[in-house]
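# What the coordinates show
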Amino acid sequence: MVGPLELFYDLVVVVLVAQAAHHLAGDLDWHGLGLFAAVFALVWIAWFNGTLHHELHGHEDARGRSVFLLQILVLVPLGAFIPEAGGARGVAFAVTAGVLFAVLAVLWLLAARGDSPEFRRPRRLFVTGTAACAVVLGASAALPADVRVLTWGLLAVAYLTGFAVMIGSATPVQAVALSVTDALTERFGLFVIIVLGETVTRVVDGLAHEPTNALTLAVGLVAVVSGFGAWWTYFDFAGHRQPRPTRASTVQWMLIHMPLTAAVAAMGAAMVDLVEHAHDSRTPTATAWVLCGGAAVVLCATMVLAASLRVWHVDRGLYRPPARTCVVVAVMCVGVGAARPVPLVLSLALVVLLGVPWGLAVAHRLSHDEESAVAEGSAAEHQEDNRR
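Note that the structure is predicted; figures quoted are calculated from it, not measured.

## Comments concerning the overall build of the chain
- Scanning the chain from N- to C-terminus turns up 14 helices and 0 strands.
- Along the chain, from the amino end to the carboxyl end, the secondary structure elements read α-α-α-α-α-α-α-α-α-α-α-α-α-α.
- In terms of overall dimensions, the chain is globule-like: its C-alpha atoms have a radius of gyration of 23 Å, near the 21 Å expected for 388 residues.
- The dimensions of the chain, computed from C-alpha atoms along their principal axes, are 80 × 60 × 35 Å.
- With 388 residues in all, the chain has 49% of them scored as buried.
- When contacts within the chain are restricted to residue pairs at least 6 apart in sequence, long-range pairs at least 24 apart make up 83% of them.
- Of the accessible surface of the chain, which amounts to about 16,800 Å², a share of 68% is contributed by carbon and sulfur atoms.
- When the 23 basic and 28 acidic side-chain charges of the chain are each reduced to a single mean position, those positions are 10 Å apart.

## Considering the environment of A92
- Among the structural elements, A92 can be located in helix 4 (residues 90–112).
- Sequence separation between A92 and L33 is 59 residues; the distance between their C-alpha atoms is 20 Å.

## As for the packing of helix 9 (residues 214–237) against helix 10 (residues 247–276)
- Relative orientation of the contacting elements helix 9 and helix 10 amounts to 170°, with a least axis distance of 10 Å. The orientation of helix 9 with respect to helix 10, classified from their angle, is roughly antiparallel. Here helix 9 contributes T216, V219, G220, A223, S226, G227 and Y234 to the contact with helix 10, which in turn contributes H257, L260, M267, M271, L274 and V275.
- When the residues that make up the contact of helix 9 with helix 10 are grouped by side-chain class, the tally is 8 nonpolar, 5 polar and no charged.

## Let's talk about the environment of Y9
- Along the polypeptide, Y9 turns up in helix 1 (residues 4–25).
- A relative accessible area of 1% places Y9 in the buried class.
- Sequence-wise, Y9 and T287 are 278 residues apart; in three dimensions their C-alpha atoms are separated by 31 Å.
- In this structure Y9 touches A46, W47, G50, F68, Q71, I72, L75 and R187, once residues within four positions along its chain are discounted.

## Some points on empty space enclosed by the protein
- Under the counting rule described, the total for this entry stands at 4 cavities of 30 Å³ or more.
- In this structure, the largest cavity occupies an estimated 90 Å³ of space.
- G50, H53, H54, H57, G58, H59, D61, R63, G64, V67, F68 and Q71 together form the lining of the largest cavity.
- Residue assignment for the lining of the largest cavity shows that the elements contributing at least two residues are helix 2 (30–57) and helix 3 (62–81).

## A word on the pattern of salt bridges
- Overall, the coordinates contain 3 salt bridges when judged by the stated rule.
- Its salt-bridge partner being D205, residue R202 comes within 2.7 Å of it at the nearest N-O pair. In this pair, R202 and D205 both sit in helix 8 (residues 182–208), 3 residues apart, roughly one turn of the helix.
- Among the residues examined, D205 registers a relative accessible area of 25% and is labelled partly exposed.
- The network of salt bridges with shared partners includes E198, R202 and D205.

## Remarks on the confidence of the model for the chain
- Per-residue confidence for the chain gives a mean pLDDT of 86, with 90% of residues at or over 70.
- Under a pLDDT of 50 for its full length, residues 371–377 has, in the predicted model, 0 contacts with residues more than four places off or in other chains.

## Quick word on the environment of F36
- With respect to the helices, strands and loops of the structure, F36 is situated in helix 2.
- Its relative accessible area of 5% is what places F36 among the buried residues.
- Contact partners of F36, with chain neighbours within four places excluded, come to A20, A21, L24, A262, A265 and A266.

## Some thoughts on unusual backbone geometry
- Unusually for a residue other than glycine, H240 sits at a positive phi of about 60°.
- Turning to its location among the elements, H240 is positioned in the loop between helix 9 and helix 10.
- Looking at H240, the relative accessible area reads 46%, which means it is partly exposed.
- We note that R340 has phi near 55°; this positive angle belongs to a residue other than glycine.

## Here we look at the packing of helix 8 against helix 9
- Running from amino to carboxyl end, helix 8 crosses helix 9 at an angle of 175°, the nearest separation of the two axes being 9 Å. Here helix 9 runs roughly antiparallel to helix 8, going by the angle between their axes. Every residue of helix 9 that contacts helix 8 at F188, G189, V192, I193, L196, V200, V203 and L207 is listed here: T216, L217, G220, A223, V224, G227, A230, W231, Y234 and F235.
- Residues of the contact of helix 8 with helix 9, tallied by class, amount to 14 nonpolar, 4 polar and no charged.

## Notes on the layout of surface pockets
- The volume enclosed by the largest pocket comes to roughly 330 Å³.
- For the largest pocket, the lining is made up of 17 residues, of which L33, F36, A37, A262 and A266 are closest to its centre.
- For the lining of the largest pocket, the elements supplying multiple residues, two or more each, are helix 2, helix 10 and helix 11 (285–306).
- Here the lining of the largest pocket is built from residues that sort into 14 nonpolar, 3 polar and no charged.
- If you go around the second largest pocket, you meet 15 residues; those closest to its centre are G34, A38, V149, L150 and G153.
- When contributions to the lining of the second largest pocket are tallied by element, the ones reaching two or more residues are helix 2 and helix 6 (145–168).

Definitions and limits used
Residues numbered from 1 in each chain as written. Predicted model: local features only at pLDDT ≥ 70, side-chain atom pairs only at ≥ 80, totals over all residues. Heavy atoms only, no water. Helix = DSSP H or I, 4+ residues; strand = E, 2+ residues; numbered from the N terminus. Rg over C-alpha atoms; globule rule 2.2 N^0.38 Å. Buried < 20%, exposed > 50% of the residue type's maximum accessible area, 1.4 Å probe, protein only. Contact = heavy atoms within 4.5 Å. Areas by Shrake-Rupley, 256 points an atom, 1.4 Å probe, with all protein chains shown as cover. Lys, Arg positive; Asp, Glu negative; His and termini not counted. Charge placed at Lys NZ, Arg CZ, Asp CG, Glu CD. Axes fitted to C-alpha atoms, helices over the stretch in contact; angles between N-to-C directions. Parallel < 35°, antiparallel > 145°, perpendicular 65-115°, else oblique. Nonpolar A, V, L, I, M, F, W, Y, C, P; charged D, E, K, R; others polar. 1 Å grid on protein atoms, 1.4 Å probe; cavity = no way out; pocket = protein on both sides within 12 Å on 5 of 7 lines; lining within 4 Å. Points joined across faces, edges and corners; volume = space filled by probe spheres on them. Salt bridge = Lys/Arg side-chain N within 4 Å of Asp/Glu carboxyl O. pLDDT = per-residue confidence, 0-100.

Structure follows, in structure tokens:
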């Protein structure tokens, strides 16, 4: 069970995600998306790293609280530097991020002292990889702004690739220790919920800065419903479910959460602009692409997550048809983004499209329950005939 300490830490991290999304809302172009992706990836990796450390070594005691507080004290200034991470405060962001990863490396190093021999190699890799991130981030402060952001993105890719290789090469004993537990499943789900809550915050921000009228309010409320559609897509098909106990499924389950969560945050950023342009004859190009593209990523990432689950092979009828449908619906979402209808029509189209896989799953479940009821009724009648 996730305790209040972990939840507080997650809320602090989501404040940083909100900062990145807020900046993206004011810079919806390729440059803004690139900066958002790089910053979000670093923040998510730091959260992921700290989450795994607490899962394996954390306790609800004074030491555990001090560990979280130390990370939070670094996260706070890091969040303050995010709005200008691609410009004036890029150096400060790089140095502070380097300090954060250095703290995480020290925590892993201290934890590794008590490890049994079979776990020394993965712990050593964790320490080395995290320390390398700290060094690269600190060194990136000396680079030009655009090169610095590119370095952050490449560093994130390298770190995640290294993590996947480490899990893939783990021994059976090590793989069991690094498997997804009930606590991790709940923790990842709660993080997605908190980021989804930020989509509502973005809509409220958009409405607060625009004159209140029926059309603006309608666009804002329908945008909230589309965010809710992302919620039911994730939690109806993948959330709070454990992956299969294999190394490949573990990596797939953990890492796919990053683009899924980033897509949700990006959708929230686009919703601000959608509300601001509620009266336009067509949705702005960047807004349409980010919002609809984010919805497409949520659909596809959720199904990739679902493919890693234990229930994927158990209930094929529930998962396989919606998985294929999600791919089709994702393409249709991109088509809506390309068409750029008026904001109200675009948001309504997303609500309908996000509801298609869910509706298909509900229809399957109702049909399955009806067949089960008929089968049970037939069995009861057969037993009654036998008694007669």
